[in-house]
Amino acid sequence: MSKGDYEEGKNRLEKIMPNAALFFPFQYNLGLCYYHLNDRAKARLHLDKARQIVPEYYLPYVQLGHLDSFEGKDDPAINHYRESLIRNNKYINAMVLIGDIFFKRRQVTAAVKYYDAVLTVDPRFPNALIGKGKVLFYREQFYKAYQMLLMVDTKGVYDKSLHFYLAECAYKLQDYKASYEQYTKLLEFKSDRFFITTSL
C-alpha cells in the first residue's frame, strides 16, 4: 500500500471513529495507518486502544514492539514481542525480532539462541537465516555468511536488510559486481524499516 493509500485510509477511519471507538478493526487499522505515515504517537495511541479492546490478539503487541524498537526502547520492545508470543506461539517471527534486538546490542550469544530456536521449528525461515547470516558477518566469517544469506527465499516476506548484508559480504569477498547489484536491489525498498533504523 502506498503512502497515499495510508493517508486516505487514515482520513476515512478518523471520520467514522467517533461512532465506533470500541470496534477493534478500526482502532487497529487506524494505528497501522499512522504507523506507516510515521506518526508514532498517534500510532501508539490507537494500537494501544486496540490492545485494550481485544487483549488476547497478538498483532497489536507486535506493532507496539516495532514502535518501541524504532524509538530505541529495547526492553519494552522485547516485552511486547514476548507478549505476542504468549498469545500466538506460532508467530515465530517475534522470536527473530527479539534476536535482532540482542544482535543490535552485540549480545550475539543471546541473538543466536533465538535464531536457532526459530530454525529448529522452520529450517528455512527467511528472517532467522538472515539473523544467522548477520552473526557470521559480525564474526568476520564472510564466506559462510554469504552462503547462509543466499539460502533466503525472497519470493515471500523477508527482512530487506538481507540485501545490505549480501552486498557487504560480496564486497568483502571482492565480488564487486554482486555487491553493486545487491545495493541497487536494496534501494528498491526505500520505504522499508531498514532505512529508518539503520544509518548508512
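Here the residue index of a chain counts from 1 through its sequence in written order. Two thresholds apply to this predicted model, a pLDDT of at least 70 for residue-level local features and 80 or more for giving and counting side-chain atom pairs, whereas whole-chain, interface and lining totals are computed over all residues. Derived side-chain values reflect all non-hydrogen atoms in the structure, with water molecules and hydrogen atoms excluded from consideration.

Trainee: Can you lay out the overall build of the protein for me, pointing to particular residues and giving the numbers?
Mentor: Helix numbers and strand numbers start at the N terminus; a helix is a DSSP run of H or I with at least 4 residues, a strand a run of E with at least 2. Within the protein, the regular secondary structure consists of 12 helices and 0 strands. From first element to last, N terminus to C terminus, the protein shows the α and β order α-α-α-α-α-α-α-α-α-α-α-α. Expressed as lengths along the three principal axes of its C-alpha atoms, the size of the protein is roughly 60 × 35 × 30 Å. Throughout, exposure labels follow a simple rule: accessible area from a 1.4 Å probe, protein chains only, divided by the maximum for the residue type, with under 20% read as buried, over 50% as exposed, and the rest as partly exposed. Here the protein holds 200 residues, and the buried ones make up 48% of them.

Trainee: Go over unusual backbone geometry, please, and point to the residues and values.
Mentor: Backbone geometry at asparagine 38 places phi at a positive 65 degrees, although glycine is not the residue there. Along the chain, the position of asparagine 38 falls in the loop between helix H2 (24-36) and helix H3 (40-53). Residue glutamate 140 is not a glycine yet carries a positive backbone phi of 65 degrees. Position of glutamate 140 relative to the elements: it lies in the loop between helix H8 (126-138) and helix H9 (142-150).

Trainee: Mind laying out the environment of tyrosine 115, listing which residues take part and the relevant values?
Mentor: With respect to the element layout, tyrosine 115 can be found in helix H7 (residues 108-121). For the pair formed by tyrosine 115 and glycine 72, sequence separation is 43 residues and the distance between their alpha carbons is 21 Å. Once residues within four sequence positions are removed from consideration, tyrosine 115 is found in contact with Val96, Gly99, Asp100, Phe103, Ala128, Gly131, Lys132, Lys134 and Val135. Should any heavy atoms of two residues lie within 4.5 Å, those residues are counted as being in contact.

Trainee: Kindly report on the environment of leucine 150, identifying the contributing residues and their values.
Mentor: As for its placement among the helices and strands, leucine 150 is situated in helix H9. Separated by 20 residues in the primary sequence, leucine 150 and isoleucine 130 place their C-alpha atoms 9.2 Å from one another.

Trainee: Got a sec to walk through the nonpolar core? Specific residues and values, please.
Mentor: Counting 63 residues, the largest nonpolar core has Tyr28, Tyr81, Ile98, Val118, Leu149 and Leu162 as its most contacted members. Ranked by the residues each element gives to this core, the list is headed by helix H6 (residues 93-104), at 8 residues. In contact with leucine 162, other than residues within four places in its own chain, are Ile130, Leu149, Val152 and Thr154. What we call a nonpolar core is a set of buried Ala, Val, Leu, Ile, Met, Phe, Trp, Tyr and Cys residues that are connected through their side-chain atoms within 4.5 Å.

Trainee: How would you explain the side chain of histidine 80 if you had to name every residue and give the values?
Mentor: Mapping histidine 80 onto the fold places it in helix H5 (residues 74-87). Note on histidine 80: relative accessible area 19%, which makes it buried. With residues near it in sequence (within four places) discarded, histidine 80 still touches Tyr61, Leu64, Gly65 and Asp68.

Trainee: Before we move on, can you summarise helix H11 (residues 176-186) with the specific residues and values?
Mentor: What H11 keeps buried is the set Ala178, Ser179, Gln182 and Leu186. For H11, the arc enclosing every buried residue in end-on projection is 100 degrees, short of the 170-degree limit, so these residues lie on one face. Along H11, exposed side chains directed more than 90 degrees from the buried face belong to Lys177 and Tyr180. What the arc describes is the spread of directions from the helix axis to the C-beta atoms.

Trainee: So what's going on with the pattern of salt bridges? Which residues, and what values?
Mentor: Two side chains carrying opposite charge are able to pair once their charged atoms lie near each other. One speaks of a salt bridge when a side-chain nitrogen belonging to Lys or Arg is within 4 Å of a carboxyl oxygen belonging to Asp or Glu. Enumeration over the complete set of coordinates arrives at 15 salt bridges. The partner of arginine 105 in a salt bridge is aspartate 74, and the shortest N-O contact between them spans 3.4 Å. With a gap of 31 residues between them, arginine 105 in the loop between H6 and H7 and aspartate 74 in helix H5 connect regions that are remote in the sequence. On the basis of relative accessible area, aspartate 74 is assigned to the buried category, the value being 13%.

Trainee: I'd like to hear about H2, residue by residue, with values.
Mentor: The terminal C-alpha atoms of H2 lie 18 Å apart, and with 13 residues this matches the ideal 18 Å at 1.5 Å per residue to within 8%. Buried within H2 we find Phe24, Gln27, Tyr28, Leu30, Gly31, Leu32, Cys33, Tyr34 and Tyr35. Just downstream of H2 lies asparagine 38, where phi reads positive at about 65 degrees. Expected helix span is computed as 1.5 Å times (number of residues minus one).

Trainee: Account for the packing of aromatic side chains, naming residues and giving values.
Mentor: To pair, rings of Phe, Tyr and Trp, with the six-membered ring standing in for Trp, must have centres within 6.5 Å; the planes then decide the type, stacked if under 30 degrees apart, edge-to-face if over 60, and tilted in the middle. One pass over the full model with this rule turns up 14 aromatic pairs. Between phenylalanine 137 and tyrosine 165, the aromatic rings sit 5.6 Å apart at their centres with planes inclined by 75 degrees, giving edge-to-face as the arrangement. Residue phenylalanine 137 is located in helix H8, and its partner tyrosine 165 is located in helix H10 (residues 161-172); the two are separated by 28 residues in the primary sequence. The structure contains a cluster of three or more aromatic residues connected by ring pairs, namely Phe24, Tyr28, Tyr57, Tyr58 and Tyr91.

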